[in-house]
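Overview (structure and organization)
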Amino acid sequence: ASDVYKRQVAFFLAAAKGATGLRVEATPCARTFNPVTGVSAVVFGEPLSLDEFASGADRPSDRKEMYRAFDGHLLNCVGKLVEINLPQLLCSILSRCAELEKEVSVSTVTEAVCWTVHDLRGIVGLHMDPDIEKDMARAVVKCLRFLEGRRALRVLKDQIEIDRLR
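Everything numeric in this text was worked out from a predicted model, so none of it was measured. (Residues numbered from 1 in each chain as written. Predicted model: local features only at pLDDT ≥ 70, side-chain atom pairs only at ≥ 80, totals over all residues. Heavy atoms only, no water.)

**Concerning the overall build of the protein**
Filter applied, for reference: Helix and strand assignments come from DSSP, with helices taken as H or I runs of at least 4 residues and strands as E runs of at least 2, each series counted from the N terminus. Relative accessible area decides the class of each residue, using a 1.4 Å probe on protein chains only: under 20% of the type maximum gives buried, over 50% gives exposed, and in between gives partly exposed. Any pair of residues with heavy atoms lying within 4.5 Å of one another is described as a contacting pair. Computed with the Shrake-Rupley method and a 1.4 Å probe, the accessible areas treat only the protein chains shown as cover for residues.
Along the backbone of the protein there are 6 helices and 9 strands. Burial analysis of the protein (166 residues in total) assigns 29% to the buried set. Counted over contacts in the protein with a minimum sequence separation of 6, partners at least 24 positions apart contribute 55%. As presented, the protein carries roughly 11,200 Å² of accessible surface, and 55% of it is formed by carbon and sulfur atoms.

See the structure below:
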């Protein structure tokens, strides 16, 4: 490892142990990539401090356990920052259809995506692609073509054949 990297790690470890007197914050951040549109979304959360986390009533007494708990909390915060986009929703629905070994039509999948987006809109704090509802039918077909180009499925007229081995 480079000297710069070693100094950075040493600084953060020392700061976490309180040796520097500085308060070091970790800012949760998530990047979500939409492979169909080629657009990335980056969402930042509120900064988290080990000091504030450690002062909670349910803090672990062991320092290593406290670090592990903080890491887990940080990861949980990052998970809540992921932006939901159309390929994620469509692939989730198609995956469930593949599990159930159900034939599915493009129109049925489009309707399922619309209902899912509608239901998700009511969740406070959920990050969703702002363009997800623009021309949903066209966007679903574009996403299906993308998946078909990667041999994950085939679209024949209105029917979707899912490659269950992929």
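There is more to say after this.
**With respect to the pairing of strand β8 (residues 153–156)**
We apply this condition: Paired strands, as defined in this entry, are two strands with at least two bridges between them according to DSSP.
One ladder, built from 4 bridges, connects β8 with strand β9 (residues 159–162); its direction is antiparallel. Looking at β9, one finds that arginine 154 is bridged to glutamate 161. With antiparallel pairing between neighbouring strands as the criterion, β8 and β9 make up a hairpin whose turn holds 2 residues, including lysine 157 at a positive phi of roughly 55 degrees.

**A closer look at the packing of helix α4 (residues 86–99) against helix α6 (residues 136–149)**
Applicable threshold: With axes taken as lines fitted to C-alpha atoms, and helix axes fitted only over the stretch in contact, angles between N-to-C directions fall between 0 and 180 degrees. Oblique is the label for any angle not covered by the other classes, which are roughly parallel (under 35 degrees), roughly antiparallel (over 145) and roughly perpendicular (65 to 115). When residues are grouped by polarity, Ala, Val, Leu, Ile, Met, Phe, Trp, Tyr, Cys and Pro land in nonpolar, Asp, Glu, Lys and Arg in charged, and all others, Gly among them, in polar.
Two elements in contact, α4 and α6, have axes whose closest approach is 10 Å; the angle formed by their N-to-C orientations is 70 degrees. With respect to each other, α4 and α6 are oriented roughly perpendicular. Taking contact as the criterion, the partners of Leu86, Pro87, Leu90, Cys91 and Leu94 in α4 are, on α6, Met136, Ala139, Val140, Cys143, Leu144 and Leu147. For the contact of α4 with α6, the per-class residue count stands at 11 nonpolar, no polar and no charged.

**Description of helix α5 (residues 106–120)**
For clarity, the cut-off: To estimate the expected span of a helix, count its residues, drop one, and scale the result by 1.5 Å. As used here, the arc is the angular range of directions from the helix axis to the C-beta atoms.
In this model α5 runs 21 Å from its N-terminal to its C-terminal C-alpha over 15 residues, within 8% of the 21 Å that 1.5 Å per residue would give. Turning to α5, its buried residues number three or more, namely Val106, Val109, Thr110, Val113, Val117 and Leu120. The buried residues of α5 occupy one face: seen down the axis, they fall within an arc of 100 degrees. What points out from α5, more than 90 degrees from its buried face, is the exposed set Trp115, His118 and Asp119.

**Side note on the packing of α4 against α5**
Our working rule: Should the near helix be turned anticlockwise from the far one by less than a right angle, the crossing is left-handed, and should it be turned clockwise, the crossing is right-handed.
α5 packs onto α4 with a crossing angle of 120 degrees between their chain directions and a minimal axis gap of 10 Å. When the axes of α4 and α5 are compared, the pair comes out oblique. Both α4 and α5 take part in a crossing whose hand is right-handed. For the pair α4 and α5, contact is made by Leu86, Leu89, Leu90, Ile93 and Leu94 and by Val109, Ala112, Val113, Thr116, Val117 and Leu120, respectively. Grouping the constituent residues of the contact of α4 with α5 by class yields 10 nonpolar, 1 polar and no charged.

**Concerning the pairing of strand β3 (residues 39–44)**
As paired elements, strand β2 (residues 29–34) and β3 share 6 bridges and run antiparallel to each other. Each bridged residue has a counterpart across the sheet, and for alanine 30 the counterpart in β3 is valine 43. Linkage of β2 to β3, two consecutive antiparallel strands, is achieved through a turn of 4 residues, within which glycine 38 is found at a positive phi near 75 degrees.

**Thoughts on the pattern of salt bridges**
Pairing is possible between side chains that carry opposite charge, provided their charged atoms lie close to one another. Our working definition: Whenever a carboxyl oxygen of Asp or Glu lies within 4 Å of a side-chain nitrogen of Lys or Arg, that contact is scored as a salt bridge.
Counted by the stated rule, this structure contains 6 salt bridges. The salt bridge partner of glutamate 99 is arginine 96, with a shortest N-O separation of 2.8 Å. In this pair, glutamate 99 and arginine 96 are both assigned in helix α4, 3 residues apart and thus about one turn of the helix distant. The shortest N-O distance in the salt bridge between arginine 138 and aspartate 135 comes to 3.8 Å.

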